[in-house]
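Chains, contacts and geometry: an overview
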Amino acid sequence: MLCKLQETVQQYLCVEQWQLYLYKEAEDYIGLIGVEVNDNDKTYTVQHISVNPSFRGEGIASKMIKELQEIYPGYGCKSTDFTEPFIQSCLRKEEGADL
């Protein structure tokens, strides 16, 4: 498990297309989201997403996804098999809030 974590961290450090963003409110880092950016087809794939357990249920993941849309205007959002259910849940919650 530690080997896989180290491998993933190295990917974010060494591969230009892999970007890791920390989400901060006030003085607290409360979430992170990692993406793989593909400039050729104007997409980014959410590879990793996590919210501090103390802040879960507050819409932080949805805020992080919205921030990505601002960072990558005109890009489409993709997900992995692992991140897909979570992202879809966030988008459904967001749609419900807009009604």
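For the structure, see preceding data.
Residues numbered from 1 in each chain as written. Predicted model: local features only at pLDDT ≥ 70, side-chain atom pairs only at ≥ 80, totals over all residues. Heavy atoms only, no water.

1. With respect to the pattern of salt bridges
Between side chains of opposite charge, pairing is possible as soon as their charged atoms come close. Heads up, the condition is: For salt bridges, the criterion is a side-chain nitrogen of Lys or Arg within 4 Å of an Asp or Glu carboxyl oxygen. A helix here means a DSSP run of H or I that spans at least four residues, while a strand means a run of E at least two residues long, and both kinds are numbered starting from the N terminus. For every residue, the accessible area obtained with a 1.4 Å probe (protein chains only) is divided by the maximum for its type, and the residue is called buried under 20%, exposed over 50%, and partly exposed between those limits.
As enumerated under the stated definition, the model contains three salt bridges in all. Residues glutamate 7 and lysine 4 are paired through a salt bridge, measuring 3.9 Å at the closest nitrogen-oxygen approach. Of the two residues, glutamate 7 and lysine 4 are both situated in helix H1 (residues 2-14); the distance of three residues between them amounts to about one turn of the helix. Glutamate 7 gets classed as partly exposed once you look at its relative accessible area, which sits at 47%. Two residues, glutamate 25 and lysine 63, come together in a salt bridge whose shortest N-O distance is 3.4 Å.

2. Points about the pairing of strand S2 (residues 28-38)
Moving residue by residue along a regular strand, the side chains alternate between the two faces of the sheet. To be explicit about the condition: Two strands qualify as a pair provided that DSSP identifies no fewer than 2 bridges between them.
Across eight bridges, strand S1 (residues 18-25) lies against S2 in antiparallel orientation. Across the sheet, residue glutamate 25 finds its bridge partner in S2, namely aspartate 28. Between S1 and S2, which pair antiparallel and follow one another directly, the connecting turn spans two residues, one of which, alanine 26, has a positive phi of 55°. Pairing of S2 with strand S3 (residues 43-51) involves eight bridges; the strand directions are antiparallel. Residue pairing in the sheet places valine 35 in a bridge with valine 46 of S3.

3. Describing the sheet that holds S2
Going by this rule: A fitted line through C-alpha atoms serves as each axis, taken over the contacting stretch for helices, and the angle formed by two N-to-C directions is quoted from 0 to 180°. When checking whether two residues touch, look at their non-hydrogen atoms; a contact exists if any pair is within 4.5 Å.
Ordered in space as S1-S2-S3-S4, the four strands form an open sheet in which the pairing is mixed. Edge positions in the sheet fall to S1 and strand S4 (76-79), since each of these pairs with one other strand and no more. Across the sheet, the axes of successive neighbouring strands diverge by a mean angle of 35°, strand direction being ignored. In this structure, S3 lies alongside S4, joined through four bridges in parallel fashion. The partner of valine 46 across the bridge, within S4, is serine 79. This element, H1, spans S1, S2 and S3 of the sheet and lies at about 95° to S1. The strands touched by helix H2 (residues 60-71) within the sheet are S1, S2 and S3, with S3 carrying the most contacts at an inclination of about 150°.

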